[in-house]
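# Understanding the architecture of this molecule
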There are 2 protein chains.
Amino acid sequence: MKCKKCGGQAVIHLRAHNLALCKDHFVEFFEKRVQKGIGRFKMFDRKSKILVAVSTGKDSSAVLYALKKLGYKVEGLFLKMGPHTNLAERVVKNIENATGVKINIFDVTRDFGGLGTADVARIVKRPVCSICGIVRRHWMNRYAYENGFDVLVTGHNMDDEATFLFGNILNWQVDYMARQWPVLEKTHPKFVRKAKPLIYVTERETYAYVFLNGIPFLEQKCPFAQGATSSHYKKYLNALEWEQPGVKHRLLFGYFETLKPLLASETKVELRECNVCGFPTTEEKCQYCKLVERVHDHITKNSAGEKGIDVQISEDTGE
Amino acid sequence: MKCKKCGGQAVIHLRAHNLALCKDHFVEFFEKRVQKGIGRFKMFDRKSKILVAVSTGKDSSAVLYALKKLGYKVEGLFLKMGPHTNLAERVVKNIENATGVKINIFDVTRDFGGLGTADVARIVKRPVCSICGIVRRHWMNRYAYENGFDVLVTGHNMDDEATFLFGNILNWQVDYMARQWPVLEKTHPKFVRKAKPLIYVTERETYAYVFLNGIPFLEQKCPFAQGATSSHYKKYLNALEWEQPGVKHRLLFGYFETLKPLLASETKVELRECNVCGFPTTEEKCQYCKLVERVHDHITKNSAGEKGIDVQISEDTGE
């Protein structure tokens, strides 16, 4: 298999593009696709102060490296969420060294008496992913806002977005569909705009990009993400893509181009500032502050009864 | 497994409804679902003169039987399309006897010098399914119009419609989406309104209904429909349905309720009457009359050269 650009040894074949490329031309291709997304959806420019949400997975590693290489002003933010993120935290330094991008580390457990999101979830009897979502959304935005960043970037790639859309269509969750866009403008002064520069690259291409550039990342998935419904949708979309190369692209971009404008005016929410933290919410107190309060109530009640906190803190060693 | 209604021996379990039913209660359930579709989408009433497009497959057999039983004024129309429909034609009489519904037979090959659609397709070098579609659409509507029917009914079930929508969404074929509805009003005086009373029943339920009522139908699929893209889509939708019972229903009816109104005003076509046959078309001459002309030109040219017609007519015996 030869590179279509230079005739050299190809390292990857892209079925949707009917294109085989060598290492150098694939890296060039990938970065052009990232730049295309940034430009097409007017995500940010080279003066923007960009904060990347770092999970230490392949996507955030790829986006840090690509944005830095493309000349953008970028920093990362890694959130310590409790013992299950200890393994990921150890990779942060390696990613910093490989990408040359400063990655800030912020410990969210300080708001929960030192407890991690898994323990918080057990206390409030809700799924870990839902708690983790509330905490991440709050702190990613708040950290970016309080530290003067213009844009918060996440590593969602084309597969993530196509899968999300696929699931929302199958169940016609029009609210979610109306808010799905590669860039989300501020709807409140305390919301930082959000952007997804990997919108034009697939999961497989992102894997190839980090491998070929020797950028470190944690391959292990989050231990709490097992069996998520989205992984079913991804499976079927991948099978469809195999039979009809390009179907993910057509699904996602056909939607953005033709249907999204029709939905745009459908959902509008009234925002106010949370009584406690001052960040935007639809209610008097935001979901995050309600969560903090419930956990503190629980801790106080348990201390008063002279019992220990009924949670087990265990470290995920990744073994 | 016991019937949820009467405690008798159940013959079918419907996962999407979490419901097991005996033969009698399943038949009642099925007919209620057909009536629900007719009522919900205001398809027709008991005064309407209804023509059912009969292929002799399970769907048209089910709809003939159910409509007759529900007290509607109904007749069938079977189109002879050439040698490949000879087998199906032999089943027509059996279906008439079992359902008590008169089925008219009309031979479309008379317009093509006796040639069937498979030979026509070879002459004009186009896929058989596309030719068959042009011929069916023309004659089903024309026969219904010329014989004073109020509604033309087809046997499309929930799976057919969900599959069609699924494929159109994946490729955002908004034109097709805007025209997909369980009942299509007349957009021209010479168009008969069209309705799909099986919209609330699945393929599996339709199979069960014809089996349990002993209604004859031809199990063999059309020999030209092998490997159609729609069968891929059906495969994935069935797999999704297995993991998330009810997903087809949510996809289809969520679409009708929430999204369809947004698309309704999107596509509008200007109709005029065909110079040759007088039936509605967007051009001077309709697709059907163009096809007839091309085939007659071909026959004339070949006869002039004293050569035989270069087509092979073979009968499908179904073996």
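Quick summary incoming for the structure in this document. (Residues numbered from 1 in each chain as written. Chains lettered and ligands numbered in written order. Predicted model: local features only at pLDDT ≥ 70, side-chain atom pairs only at ≥ 80, totals over all residues. Heavy atoms only, no water.)

### A short note on the overall build of chain A
What chain A contains, in helices and strands, is 11 helices and 10 strands. Whereas a compact globule of 319 residues would reach a radius of gyration of roughly 20 Å, chain A reaches 21 Å, a difference of no more than 12%. With respect to the principal axes defined by its C-alpha atoms, chain A has extents near 75 × 45 × 40 Å. Classification of the 319 residues of chain A by burial places 53% in the buried group. Taking contacts inside chain A between residues at least 6 apart in sequence as the whole, the part at least 24 apart equals 69%. Within the structure as shown, chain A displays about 15300 Å² of accessible surface, and the carbon and sulfur contribution to it stands at 51%. (Helix = DSSP H or I, 4+ residues; strand = E, 2+ residues; numbered from the N terminus. Rg over C-alpha atoms; globule rule 2.2 N^0.38 Å. Buried < 20%, exposed > 50% of the residue type's maximum accessible area, 1.4 Å probe, protein only. Contact = heavy atoms within 4.5 Å. Areas by Shrake-Rupley, 256 points an atom, 1.4 Å probe, with all protein chains shown as cover.)

### What about helix α2 (residues 58–69) of chain A?
Residue and element names in this part refer to chain A. Over its 12 residues, α2 extends 16 Å from the first C-alpha to the last, a length consistent with the 16 Å expected when each residue adds 1.5 Å. Among the 12 residues of α2, 10 are classified as buried, and the element is accordingly described as predominantly covered. Looking one or two residues beyond α2, the residue adopting positive phi is Gly 71, at roughly 90°. (Expected span 1.5 Å × (residues − 1).)

### What about the nonpolar core?
A general tendency of soluble globular proteins is for nonpolar side chains to be buried together. Leu 67 of chain A together with Leu 67 of chain B are the most contacted members of the largest nonpolar core, which has 139 residues in total. Non-local contacts of Leu 67 of chain B, meaning those with residues more than four positions away in its chain, are made with Val 34, Ile 38, Phe 44, Ile 50, Val 52, Tyr 72, Val 74, Val 153 and Pro 197 of chain B. (Core = buried A, V, L, I, M, F, W, Y, C linked by side-chain atoms within 4.5 Å.)

### Topic: the sheet that holds strand β7 (residues 183–184) of chain B
Residue and element names in this part refer to chain B. An order of β5-β4-β3-β6-β8-β7 is seen for the 6 strands of this open sheet, with the pairing classed as mixed. Sheet topology places β5 (103–107) and β7 at the edges, where each strand pairs with a single neighbour. As defined by bridge partners, strand β3 (residues 49–54) adjoins strand β4 (residues 73–80) across 6 bridges and the pair is classed as parallel. Residue pairing across strands places Val 52 opposite Gly 76, the latter belonging to β4. Here helix α2 (residues 58–69) sits on the sheet in contact with β3, β4, β5 and β6 (151–153), set at roughly 160° to β3. Taken strand by strand, helix α3 (residues 86–99) contacts β4 and β5, and its axis lies near 160° from that of β5. (Pairing = 2+ DSSP bridges. Axes fitted to C-alpha atoms, helices over the stretch in contact; angles between N-to-C directions.)

### A short note on the interface of chain B and chain A
Each partner contributes residues to the interface: chain B has 26 residues there, and chain A has 26 residues. Together, the buried faces of chain B and chain A total about 2300 Å²; carbon and sulfur atoms form 69% of this surface. Between chain B and chain A we count 2 salt bridges in total. The residue Glu 243 of chain B makes a salt bridge to Lys 235 of chain A at a minimum N-O spacing of 3.0 Å. Counting every contact that joins chain B to chain A gives 14 residue pairs in polar contact (both at pLDDT 80 or more). Mapped onto the side of chain B that touches chain A, the elements with two or more residues apiece are α6 (158–170), α9 (229–243) and α10 (247–264) of chain B. Per-class residue counts for the side of chain B that touches chain A are 16 nonpolar, 6 polar and 4 charged. (Buried area = accessible area lost by both parts, 1.4 Å probe. Salt bridge = Lys/Arg side-chain N within 4 Å of Asp/Glu carboxyl O. Polar contact = N/O pair within 3.5 Å; in protein donor to acceptor, adjacent residues only side chain to side chain. Nonpolar A, V, L, I, M, F, W, Y, C, P; charged D, E, K, R; others polar.)

### Let's talk about the packing of α2 of chain A against helix α8 (residues 203–212) of chain A
Residues and elements named next belong to chain A. Here α2 crosses α8 at 65°, and the two axes come no closer than 9 Å. With respect to the hand of their crossing, α2 and α8 are arranged in left-handed fashion. Residues Lys 58, Asp 59, Ser 61, Ala 62, Tyr 65 and Ala 66 of α2 pack against Glu 203, Thr 206, Tyr 207, Tyr 209 and Val 210 of α8. Its residues placed into classes, the contact of α2 with α8 shows 6 nonpolar, 2 polar and 3 charged. (Left-handed = near helix turned anticlockwise from the far one by under 90°.)

### What about the packing of aromatic side chains?
Residue and element names in this part refer to chain B. Counted according to the given criterion, the structure contains 48 aromatic pairs over all chains. Here Trp 139 and Tyr 288 contribute two aromatic rings whose centre-to-centre distance is 6.3 Å and whose plane-to-plane angle is 90°, an arrangement assigned as edge-to-face. Of this pair, Trp 139 sits in helix α5 (residues 128–146) while Tyr 288 sits in helix α11 (residues 287–304), and the two are 149 residues apart along the sequence. Accessibility assignment for this pair places Trp 139 and Tyr 288 in one class, buried. Relative to Phe 253, the ring of Tyr 200 lies with its centre 4.4 Å away and its plane at 0°, an arrangement referred to as stacked. Of the two residues, Tyr 200 sits in the loop between β8 (193–195) and α8 (203–212) while Phe 253 sits in helix α10, which places them 53 residues apart along the sequence. (Phe/Tyr/Trp six-rings, centres within 6.5 Å; stacked < 30°, edge-to-face > 60°.)

### Quick notes on the sheet that holds strand β3 (residues 49–54) of chain A
Residues and elements named next belong to chain A. Strand order in the open sheet formed by 6 strands is β5-β4-β3-β6-β8-β7, and the pairing between neighbours is mixed. This sheet does not close on itself; its edge strands, each paired only once, are β5 (103–107) and β7 (183–184). Looking at chain direction, strand β6 (residues 151–153) and strand β8 (residues 193–195) are connected through 3 bridges and run parallel. Paired with Val 153 across the strands is Ala 195, a residue of β8. The strands that α2 touches are β3, β4 (73–80), β5 and β6; relative to β3, the one it contacts most, it runs at about 160°. Across the sheet, helix α5 (residues 128–146) touches β3, β4, β5, β6 and β8, and the angle it forms with β4 is around 140°.

### A short note on the pattern of salt bridges
The full count for this structure, using the stated rule, is 36 salt bridges over all chains. We note a salt bridge from Asp 111 of chain A to Arg 110 of chain A, for which the minimum N-O separation is 3.7 Å. On the basis of relative accessibility, which here comes to 18%, the residue Asp 111 of chain A falls in the buried class. A relative accessible area of 53% places Arg 110 of chain A in the exposed class. For Lys 58 of chain B, the salt bridge goes to Asp 59 of chain B, with nearest N and O atoms at 3.0 Å. You can call Lys 58 of chain B buried: its relative accessible area is 7%. With a relative accessible area of 15%, Asp 59 of chain B lands in the buried category. A single salt-bridge network, built from bridges that share partners, covers Lys 58, Asp 59, Asp 160, Glu 203 and Lys 234 of chain A.

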